[in-house]
Amino acid sequence: MRGKKRGAKKVDEVNDTQQQQQQQQQQSQHRASKRLKSSAKAEEVKMESDIAAAGMPSIRSGRVKNGHNAVQDDDAAESSPASPAAAEEEPCEAKVSSDAQSQSSGGPAAAAADAKKKKKRESKSCAGAQQQQQQQQQQQQRGQQADAARVQGSKYHVGAHISMAGGIENSVKNALNIGGNAFALFVRPKMAWASKAIAEVNVQAFKCAVAQHDYAARVLPHGCYLTNLANPDEEKRRKSYECFVDDLQRCALLGIDRFNFHPGSTVGECSMEEGCASIAQCINRAHEQVKDCPRILLENMAGSGNVIGKSWTELGQVIALVVDKSKVGVCLDLCHAFAAGYDISHAAGFDAMLEELDANVGKEYLQGIHINDSKGALGSHKDRHDNVGAGMLGLYPFWRIMNDLRFQGMPMVLETPGEEGVMHQVWSREVEALYCLSGTLYEDDVRSRSNKTIKAEHEPKGQQASGGWQRARELMRQVQELRLQGAKAEEEKKQRSQANKTLAKAKARAKAKVDVSSSEEDVDVEKEEEKEEDKKRRNVELIGAKKKRAKTAASQRRAAPFAQQTAAEVSTAGESALVENERGAGRKSRGRAL
Ligand SMILES: [Zn+2]
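Residues numbered from 1 in each chain as written. Predicted model: local features only at pLDDT ≥ 70, side-chain atom pairs only at ≥ 80, totals over all residues.

### Side note on the pairing of strand β8 (residues 366-371)
Part 1: With 6 of 6 residues buried, β8 lies mostly within the body of the structure.
Part 2: Bridge count between strand β7 (residues 328-333) and β8: 4 bridges; the pairing is parallel. Bridging from a neighbouring strand, Asp-333 pairs with His-370 of β8.
Part 3: Bridge count for β8 against strand β11 (residues 411-414) is 3 bridges, and the pairing is parallel. Bridging across to β11, His-370 finds its partner in Val-413. (Buried ≥ 20, exposed ≤ 12 C-beta atoms within 10 Å, placed from the backbone. Helix = DSSP H or I, 4+ residues; strand = E, 2+ residues; numbered from the N terminus. Pairing = 2+ DSSP bridges.)

Here it is in structure tokens:
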């Protein structure tokens, strides 16, 4: 019994130990899972806060979700090299499932490696995002007063060609900052043939931001400036075509529905008709090649040299040869039209230009506007943009595009100049000024003028309209002030940089001088040392020579005590010998002579 009890006790002890071990195991597992959960949650919270700090609450959920997917897609892209066009749009859910498949097929080790990679990328992108946020916050602080509230509800979609620096999605933020309802951008380098693919994470962020802020059908990218589809040189045209397709594929990838480009130039080596045919041929090829190809808009040009597009007739020729008419159109640049010879500074001229467009292209093809004043005179063919109301156009065409129903619903973007530090402030004022003109009246007598400013007697009638014009002109005045400030700041910056350069040069010169003088000192010391050495050497030689002379003299004295010592005293042994020889010879010659 006791034995049994002892045995039972032993079993109990064993059971207790097992239970304790199990409990300990469970506790450690629980702690481990808790740690995992909390770290994952911390990461999630960090990301949320990053996004919240970016001031895009509406993009928050989408960005996290898509950011995750994008990383997975990126991993997939590594295994299968693909062109930007190959990365097709696909629903987020589909991506998640395909990601899951790719992870499970790769095994746990591959999944762990992927997770590690993903984490690394996420932390990298977070750091980049934080830096961007700081920059944006600084920008916002600088231009806070200038940032306009976005005009909501207008059917006229005005914006500007803005920067996408730091990531293509930043273009949306920049558009919002200036109060724009549309925007233009470059989707690839504007002056380079080579281009880097847009990262999937940026593509997703851009698409989410565009959808969230209602910019769909209001984005009008501008093509690369190097593209010349009219070039008669086949190799050069092929290169241009590749660049053109790259632009289009990027638009498709970003979900952009239209794209604007400069038609090209004959470069003086083919006829205008041949040039137009080449452009149309390239457009047809691109329509077939690019999946979800955006509508391709040909921009009217100022028409200098051999440039194609100075008239609607030329652009009409291209469009007539395009097969898929639903994927082609035109973009009206106000500055270019004026410089090309269309006097749109008054109603009759503007009407005539539109009639020509209708007749040669068709009004339904007009799908975008570039809002620019012109520094160049009417028909000057100079492509020099100016700020709204500051150039040769006056305010009529700007009032017109904000009050003519045919311009509703299409992206209308500013390509007006401004200094780097005041760019957004300039555009925000121009955007607001244009909205101020919308819904105002324009008197017939004002329409006929082509002066730069609108005089007081030409004020539109009605309090509200008048207020709109006053505000618009005030904003235009502010634009000029800002530009002066911007130019001054740029000049000061230039001077500072010049002064710094001069200072750096002076420092470098002074340093070089010190180096040279110290090396000169070294040289002097060396010379002194050499001199000293020479002196010593000469002394030694002199002493040696003296001793030698004394020795020779002694030997001579011993050999010929009767001989004259005068010459030998000052000459060397050789010289003495020579003297002796000469004496001998003298004696001989004297003997002969005698
Ligand atoms: Zn333009």
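### Regarding the sheet that holds β7
Part 1: Taken together, the 7 strands give an open sheet; going across it, the order is β2-β1-β11-β8-β7-β5-β3, and neighbouring strands pair in parallel fashion. Strand pairing shows two members of the sheet lacking a second neighbour, β2 (182-184) and β3 (258-261), which therefore form its edges. Taking each pair of neighbouring strands and ignoring which way they run, the sheet shows an average axis angle of 30 degrees.
Part 2: When strand β1 (residues 157-161) meets β2, the two strands line up parallel, connected through 3 bridges. (Axes fitted to C-alpha atoms, helices over the stretch in contact; angles between N-to-C directions.)

### Here's the deal with the pairing of β7
Part 1: For β7, a buried count of 6 out of 6 residues is recorded, marking the element as mostly surrounded by other parts of the structure.
Part 2: By the alternation rule, side chains of β7 split into Val-328, Val-330 and Leu-332 and Gly-329, Cys-331 and Asp-333, which are all buried.
Part 3: Alignment of strand β5 (residues 295-299) against β7, held across 4 bridges, turns out to be parallel. Within β7, the residue paired with Glu-299 across the bridge is Cys-331.

### Observations regarding the UniProt feature "coiled-coil region" (unreviewed entry) in the protein chain
Part 1: In the numbering used here, UniProt assigns the "coiled-coil region" (unreviewed entry) feature to residues 472-509.
Part 2: With 100% helix and 0% strand, residues 472-509 has end C-alpha atoms that lie 55 Å from one another. (UniProt positions renumbered as here; feature names shortened; annotations may be inferred.)

### With respect to helix α10 (residues 347-360)
Part 1: Here α10 is 14 residues long and its end C-alpha atoms lie 20 Å apart, about the 20 Å a rise of 1.5 Å per residue gives.
Part 2: Burial in α10 covers these residues: Gly-349, Phe-350, Met-353 and Leu-357. End-on, the buried residues of α10 take up no more than an arc of 100 degrees, which puts them together on one face. Seen from the open side of α10, the exposed residues pointing more than 90 degrees away from its buried face are Ala-348, Glu-355 and Ala-359.
Part 3: The first or second residue beyond α10 is Gly-362, which carries a positive phi of 115 degrees. (Expected span 1.5 Å × (residues − 1). Arc of directions from axis to C-beta.)

### Re unusual backbone geometry
The general pattern is negative phi for most residues beyond glycine and trans for most peptide bonds.
Part 1: Even without being a glycine, Ala-217 presents a positive backbone phi close to 65 degrees.
Part 2: Along the chain, Ala-217 turns up in the loop between α5 (200-212) and α6 (234-254).
Part 3: In this structure Ala-217 comes out as partly exposed when scored by C-beta crowding, with 16 C-beta atoms within 10 Å.
Part 4: For Val-267, which is not glycine, the phi dihedral falls at a positive 50 degrees.
Part 5: Val-267 sits in the partly exposed class, given 16 other C-beta atoms within 10 Å.

### Side note on α5
Part 1: For α5, built from 13 residues, the straight-helix expectation of 18 Å at 1.5 Å per residue is met to within 8% by its first-to-last C-alpha distance of 18 Å.
Part 2: By the criterion of burial, α5 is predominantly enclosed, with 10 of the 13 residues buried.
Part 3: Within the sequence span of α5, burial applies to Glu-200, Val-201, Val-203, Gln-204, Ala-205, Phe-206, Lys-207, Cys-208, Ala-209 and Val-210.
Part 4: Just downstream of α5, Asp-214 is the residue with a positive phi angle, here 60 degrees.

### Description of the packing of helix α7 (residues 272-289) against helix α8 (residues 312-320)
Part 1: It is at 8 Å that the axes of α7 and α8 come closest, and there the two elements cross at 45 degrees. Viewed along their axes, α7 and α8 adopt a mutual orientation that is oblique. For α7 against α8, the interelement crossing comes out right-handed. Taken together, the residues of α8 that come into contact with α7 (itself represented by Met-272, Glu-273, Cys-276, Ile-279 and Ala-280) are Glu-314, Gln-317 and Val-318.
Part 2: A breakdown of the residues in the contact of α7 with α8 according to their chemical character gives 5 nonpolar, 1 polar and 2 charged. (Parallel < 35°, antiparallel > 145°, perpendicular 65-115°, else oblique. Left-handed = near helix turned anticlockwise from the far one by under 90°. Contact = placed C-beta atoms within 7 Å. Nonpolar A, V, L, I, M, F, W, Y, C, P; charged D, E, K, R; others polar.)

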